[in-house]
Each structure stands twice: as C-alpha cells, then as structure tokens.
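Residue-level structure breakdown
Next come the chains, spelled out residue by residue.
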Amino acid sequence: MREAVVTSAFSTSERAGALTFLPSTGEPWRGLIAAALVDGGFDVFTIDGLRVVSASGPQLTTLAPAPEFPLRGEVFPLVFGADLDGQLRGYAIIREAEDVAELPLEGPGAEEAVNAACLFETGIGYFDLALLGENAQARIVRVRDAGGAGLDLEVRAEFDLPFAARNCSSTGGDDALLVSSPNSGLARVNINGRVEAIEAGRSIDDVSYTGLLGRPVALTVSAETGRMGVFDARNLQLLNEIVLNDGINAPGFQSPSALAVTESNFGGMAFSTGVIAVYDRGDDRVKLVAREVIGRAVMSDES
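Definitions and limits used
Residues numbered from 1 in each chain as written. Predicted model: local features only at pLDDT ≥ 70, side-chain atom pairs only at ≥ 80, totals over all residues. Heavy atoms only, no water. Helix = DSSP H or I, 4+ residues; strand = E, 2+ residues; numbered from the N terminus. Buried < 20%, exposed > 50% of the residue type's maximum accessible area, 1.4 Å probe, protein only. Contact = heavy atoms within 4.5 Å. Pairing = 2+ DSSP bridges. Core = buried A, V, L, I, M, F, W, Y, C linked by side-chain atoms within 4.5 Å. Axes fitted to C-alpha atoms, helices over the stretch in contact; angles between N-to-C directions.

1. Notes on the environment of Ala 223
As for its position among the elements, Ala 223 is in the loop between strand E21 (215-221) and strand E22 (228-232). You can call Ala 223 buried: its relative accessible area is 11%. In contact with Ala 223, not counting residues within four places along its chain, are Asp 205, Gln 254, Ser 255, Pro 256, Ser 257 and Arg 281.

2. Quick look at the sheet that holds strand E15 (residues 151-160)
Strand order in this open sheet of five strands is E11-E15-E14-E13-E12, and the pairing throughout is mixed. In this open sheet, the two edge strands, each paired with only one partner strand, are strand E11 (105-106) and strand E12 (116-123). Bridge analysis of strand E13 (residues 126-132) against strand E14 (residues 137-144) gives seven bridges, and the strand direction is antiparallel. Looking at the pairing, Phe 127 lines up with Val 143 of E14.

3. Quick notes on the nonpolar core
Counting residues in each nonpolar core, the largest one holds 41 residues, and the members touching the most others are Leu 219, Met 228, Val 230, Leu 244, Ile 276, Leu 288 and Ile 294. With five residues, strand E25 (residues 275-280) is the largest single contributor of residues to this core. Those residues in contact with Leu 244, other than ones at most four positions away along the chain, are Ala 4, Val 5, Val 6, Met 228, Gly 252, Phe 253, Val 289 and Ile 294. Judged by nonpolar contacts, the second largest core, of 20 residues, contains Ala 64, Ala 82, Leu 103 and Ala 117.

4. Quick look at the sheet that holds E25
Reading across from one edge, E2-E26-E25-E24 is the order of the four strands in this open sheet, with antiparallel pairing throughout. At either margin of the open sheet sits one strand with a lone partner, and together these are strand E2 (8-11) and strand E24 (256-262). Within this sheet the neighbouring strands show an average axis-to-axis angle of 20°, counted without direction. Bridging between E24 and E25 involves six bridges; their strand directions are antiparallel. Looking at the pairing, Ala 260 lines up with Ala 277 of E25.

Okay, structure coming up:
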C-alpha cells in the first residue's frame, strides 16, 4: 500500500453520483468536469471548481463524454447517461449560454433499456458508447449525426457480462470493456463475450482506464475501504492500493464513490499530463489528483 496527496478539491451544489471530463484540445484551461447529481440533473465545472452550467433533469446513473463533437456545423461537448427508467439521454453543453440542450436519440441502439453508459471509442464523425443493459448484458452502439431529427444510434456488438455491472470503462482501443460492481468486483470482457479476467469479491464503486508508466491500468475507488486500487488492465492483477491524504486546502479521501480519469491537458503544471477526479461522499467534494501523482506512487513501490 502506498500514500499520495490530493492536489485540490471543490464542493458541488448537491450530492453527486457520477463524474466525467470534457477536455478542450485547443484551450486546455477551458476543459470542464461534469457531475451527475443524485437528486437529478447535472452541474458542469471548470477545473478550478467554478460552476458554469447547472442543468435540471432526471437522475443519471453514469456519465459518458463526447468532448468535442461536430453537431450541425458547430462543435459541442456532449454528455450521455441512463436515467432511472432505463432510458439513455444525451445533452449538448452550450457554455456561452450557460445552458444545455437535450438531444433526440433515434435508431435501434436507443431502443433497449440502459443501466449505465461509458465512452468506448472515438472516430472521425462518430463515437461508440458501451451501454450496460439489464440481466448482465452489454452492447456497443455507434453514435452519428446522420442528418435526421436526432442522433442516430446503430448497434455494433452485443454480448453477455459475468455479472450485472454498474460501471464500465473502455480499455484503450483493444476491443475489451472493464466492468465493475460494488457487490461483484471487477472484470475485463472482450466484445465477443469472452471473459478475459475477473477479480471477484471486491467492493468497487467505479472504474476508469488509463496508462501509468507505460502500463495500462484500471483505477478503481471503493467507498467501503476509502482507497484507490491500481490494477493491471490486461489481467486485473492488483498492483497497489493507494491512500490519498490531505493536501494543501484539499482533504484526503474518506468514502470515494465516483471516479473519472483523463490523460488530456487541463492547463497548469499540475494537470498538464492529465487529471483524476473523485467524488467523495464522505464530505461531498470533488477531489482532484494530478495523474502523475498516482504514477509516482506506483513507481516508488516498484523501485
């Protein structure tokens, strides 16, 4: 077990259940963080914790980003999530107007129930979402602006999961999905349905994929243990558990329950190589950790 410190923190207006990053390639300091609120709707913040958009609406169980998507001749950050009725919802964030617009979703990929969503892959003019459905099933849908009334969702793959998962993350473009559940643990599943690795019996509230020191890793958080887990994303071997302690004006982890990771530059020295965001339901704050901080903690264990 290793120790690290929280880089910065800010409070949300209400308790949050999910986080995601919306980076800005051309202007890194304008990148955003979205937080789905447990009482419904979501808030959008700058990296400094300034709330720039507050959107009303249903409670969303997870958030999946499409940060810079061309839509009807303009480029918008989009977020997607599943409501408590199992309906997938999508929103365009209009920063200049401090508002959001809900996006109509159509096509076969929008028809079945969805319990959670995550970004799977991004291409030119499209992106793929992984949608976790009922009865331990998942599907990959391709989202395009095909010129219709709404965004078109086409089913690309459907497969079974080893357990009913609550969260997911892509694995960096190798046709596999990381899925997790507080009751069932962590698994890596190929989109052909083959379970490539499983780590059962762990309480995991959220999972995200990233690279640290040239190694693909799955980062997890557990409100039960209060720690961050670092797993090899290829075989789910536990590499380390990290305790996040108080930083300068930034309290350490108590009960971390939601997680988001980006490798994008968010401006400044601390966040130029990526950021980890965790929602801590112990004190209702979003806590930010420079991605390189976790990399150094892992490296110090291996040296």
